[in-house]
Amino acid sequence: MLPTNINDPEYFHKVVDCQYACPAHTPVPEYIRLIAAQRYTEAYMINWESNVFPGILGRTCDRPCEPACRRGRVEEEPVAICRLKRVAADNKGDISSYLPQIPEIKNGKRIALIGGGPASLTVARDLAPLGYQIDLYCEQDMGGGMMRSQIPSFRLPVGVLNEEVNYILDMGMHTHFKNYVSSLAEILDKGYDAVFVGTGAPRGRNLDLPGRQEAAKNVHIGIEWLASVAFEHINKIGKKVIVLGGGNTAMDCCRTSRRLGGEEVKVLVRSPYAEMKASPWEKEDAQHEGIPILDNHVPKSFVVKNDKLVGMMFEKVHAVYDETGKRNLVPTGEPEVFIEADDVLIAVGQENSFPWIERDLGLEFDKWNMPVVDKVTFQSTNQKVFFGGDSAFGPKNVITAVAHGHQAAVSIDLFCNNEDVLKRPSPYTNLVSQKMGIHEWSYDSEVVTDIRYIVPQADKSKTLKDRKMEVELGFDGLTGYKEAMRCLNCDIQTVFTADKCIECDACMDICPTSCITFIENGEEDYLRHNVLVPAFNLTQDIMVSEPLKQTHRVMVKDEDVCLHCGLCAERCPTSAWDMQSFLYNVTKAGCGVEEVAAV
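Residues numbered from 1 in each chain as written. Predicted model: local features only at pLDDT ≥ 70, side-chain atom pairs only at ≥ 80, totals over all residues. Heavy atoms only, no water.

**Observations regarding helix H16 (residues 477-484)**
Owing to its 3.6 residues per turn, the α-helix aligns residues three or four sequence positions apart on the same side.
Thinking step 1. All of the buried residues along H16 are Gly477, Leu478, Gly480, Tyr481 and Glu483.
Thinking step 2. Measuring from the side-chain oxygen of the N-cap residue of H16 to the backbone nitrogen of Leu478 gives 3.2 Å; that N-cap residue is Asp476. (Buried < 20%, exposed > 50% of the residue type's maximum accessible area, 1.4 Å probe, protein only. Helix = DSSP H or I, 4+ residues; strand = E, 2+ residues; numbered from the N terminus. Polar contact = N/O pair within 3.5 Å; in protein donor to acceptor, adjacent residues only side chain to side chain.)

Okay, structure coming up:
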């Protein structure tokens, strides 16, 4: 028999983590481990369906979703959505039986993917199960693209990268590694039905400053240097290192330098610290490893003595903003600053490079030498050629490349079936009531204040000696559960039926955030100022009902502070309020609304 409290999540995770409350650690029954692995596996596959790389993104994602998290409206930090993906990835079981089946008999269409990064791999993941023959061309010796060459192993272990990349490479495609495509025309001449370009932004920007040529031996382009480290062509650096730039690549460069022998590593950036492009947590991790970030320093020249780089000169500036908010960096008038260096890493941006694309193939390029690509279909002006990831619209991040890949795959499938690529398949949506009883919901709805949990890190004295040792340890199962419980259930919608309301005001009385008000109707500005708690967040719509039968007032709810706790629906005597789960599923290539509904 199963224990009576098997469905209690906290008990469940304590059992899985061998953390019983009693002093003696009772051995974990095998069936408990199996249940745990099953739950994590299901969570992983939900992520894999859309994100494709849960284990990778759970460690490296730029987290564009987290600023939208509503927990950040009531507390300082949002739910750690990114790190929770890692919890599922690290604890999953065997997923082979969940992966899509690849048809042995192909559909007769051949697709070429140029570049082995996240965008191309996503296209392959969506099209291979539909019977397309996939040929992937990549100059590296393994798949992964920039995830392999530009993300250091102390952030993304090679084992995790290989596992998730191989899930896709094992889908029966033909891989051409160590194969640099030098001519798009040659690829098109092979008779492919469509070509997807996912070559990223492979060229780092240089700085043409005085002394640059003389110091060339000790001045390195950041992304190229990171790739050389990843492929073990470089294993050391000077003791004094300057890293130029304020983005995530600069943070990877400086932290990698510390692991390769850099004792005095400094990051210098033109902009103010608060306006650096690097993610806040990336900056924090660099500083935690003893790397100072000097902002408002503009590089002026490389200093060379006796044919050897000895440092750089910088001009100190400060930011001045005009009436439109445009920033100008104005010199402070102080003397230029000299900073010593044995090596300099330039990480001031990346550029696309398409020397291998002939200009007589019907592909138009804009004034920045970027291909003209439709932002919806990702199709170029040569209808057979599609772009995605950094190669489409410039450098972004892994999750953006994945999103591009999904949409490009939809377009390629439509194109290969002679359908209009602009007629995008509609997403599947659904609303289902979560009511299980008078006072019971099928989701957790506690009203609590809970700060974000801290992800533990390995001992710095060890990680700085081994560039392949992962720094972040991730959440254990119980902490992951507690972090997930910070979720305010944004998928649960408060559905109000006006003709059931008897205007007893019970919902207004019980609401813990006073987000419900019954009021005379009026213009939006009037309603926002006259609800119980003024609704001044204009980025969030307010919910306004139809006029009520008895008094012709309206119910106004401020979604900005609603906790989705369900107390209004529990208290309502007529079921005018209900809590309904909203499902939104973006359709993939070859999958219409009917197919998604069936899934």
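Next comes the rest of the write-up.
**Observations concerning the packing of aromatic side chains**
Thinking step 1. Tallied over the full model, the rule gives 8 aromatic pairs.
Thinking step 2. Consider the rings of Phe354 and Phe387, whose centres lie 6.0 Å apart with planes at 85°: the pair is edge-to-face. Here the residue Phe354 occupies a position in the loop between strand S15 (350-351) and strand S16 (385-387), and Phe387 occupies one in strand S16, the gap between them amounting to 33 residues.
Thinking step 3. Among the aromatic side chains, those forming a connected cluster through ring pairs are Phe354, Trp356, Phe365 and Phe387.
Thinking step 4. Above the ring of Phe154, the side-chain terminus of Arg259 is found at 3.9 Å from the ring centroid. (Phe/Tyr/Trp six-rings, centres within 6.5 Å; stacked < 30°, edge-to-face > 60°. Lys NZ or Arg CZ within 6 Å of the ring centre and 35° of its normal.)

**Description of the confidence of the model for the chain**
Thinking step 1. Looking at the chain, the pLDDT average stands at 90 and 93% of residues meet or exceed 70.
Thinking step 2. In this model, residues 9-25 is a region of pLDDT below 50 whose contacts with residues beyond four sequence positions or in other chains number 38 contacts.
Thinking step 3. Under a pLDDT of 50 for its full length, residues 592-599 has, in the predicted model, 10 contacts with residues more than four places off or in other chains. (pLDDT = per-residue confidence, 0-100. Contact = heavy atoms within 4.5 Å.)

**So, the sheet that holds strand S20 (residues 492-496)**
By definition, the strands of a sheet pair up through backbone hydrogen bonds, in either a parallel or an antiparallel sense.
Thinking step 1. Ordered in space as S17-S24-S20, the 3 strands form an open sheet in which the pairing is antiparallel. At either margin of the open sheet sits one strand with a lone partner, and together these are strand S17 (428-433) and S20. Strand-to-strand twist in this sheet, taken as the mean axis angle between neighbours without regard to direction, amounts to 35°.
Thinking step 2. Taken together, the 6 bridges between S17 and strand S24 (residues 577-585) define a ladder with antiparallel strand orientation. Pairing of Leu431 across the sheet is with Phe582, part of S24. (Pairing = 2+ DSSP bridges. Axes fitted to C-alpha atoms, helices over the stretch in contact; angles between N-to-C directions.)

**Quick word on the sheet that holds strand S7 (residues 240-244)**
Thinking step 1. As summarised here, the arrangement of the 5 strands in space is S6-S14-S7-S8-S9, forming an open sheet in which the pairing is parallel. Across the chains shown, the open sheet's two edge strands, defined by having one partner strand only, are strand S6 (219-221) and strand S9 (293-294).
Thinking step 2. Of the strands in this sheet, S6 and strand S14 (343-346) touch helix H10 (residues 222-230), which is tilted by about 85° from S6.

**A short note on the pattern of salt bridges**
Thinking step 1. Applying the stated criterion to the full structure yields 31 salt bridges.
Thinking step 2. The salt bridge partner of Arg86 is Asp90, with a shortest N-O separation of 2.7 Å. Placement of the pair is Arg86 and Asp90 together in helix H5 (residues 81-91), with a separation of 4 residues, close to one helical turn.
Thinking step 3. Assessed through its relative accessible area of 38%, Asp90 is described here as partly exposed. (Salt bridge = Lys/Arg side-chain N within 4 Å of Asp/Glu carboxyl O.)

**Considerations on the pairing of S7**
Thinking step 1. With 4 of its 5 residues buried, S7 lies for the most part within the structure.
Thinking step 2. For the crossover that starts at S7, traverses helix H11 (residues 248-259) and ends in the parallel strand S8 (residues 264-268), the hand is right-handed. (Right-handed = clockwise from strand over helix to strand, strands pointing away.)

**Details of the state of the cysteines**
Thinking step 1. Going through the model one piece at a time under the given rule, you end up with 0 disulfides.
Thinking step 2. Here Cys65 stays unpaired: no disulfide links it, and the sulfur of Cys61, its closest cysteine neighbor, is 6.1 Å away.
Thinking step 3. In this structure Cys504 is a free cysteine whose sulfur lies 6.2 Å from that of Cys572, the closest cysteine sulfur available.
Thinking step 4. Residue classification places Cys504 among the partly exposed residues on the basis of a relative accessible area of 41%. (Disulfide = S-S within 2.5 Å.)

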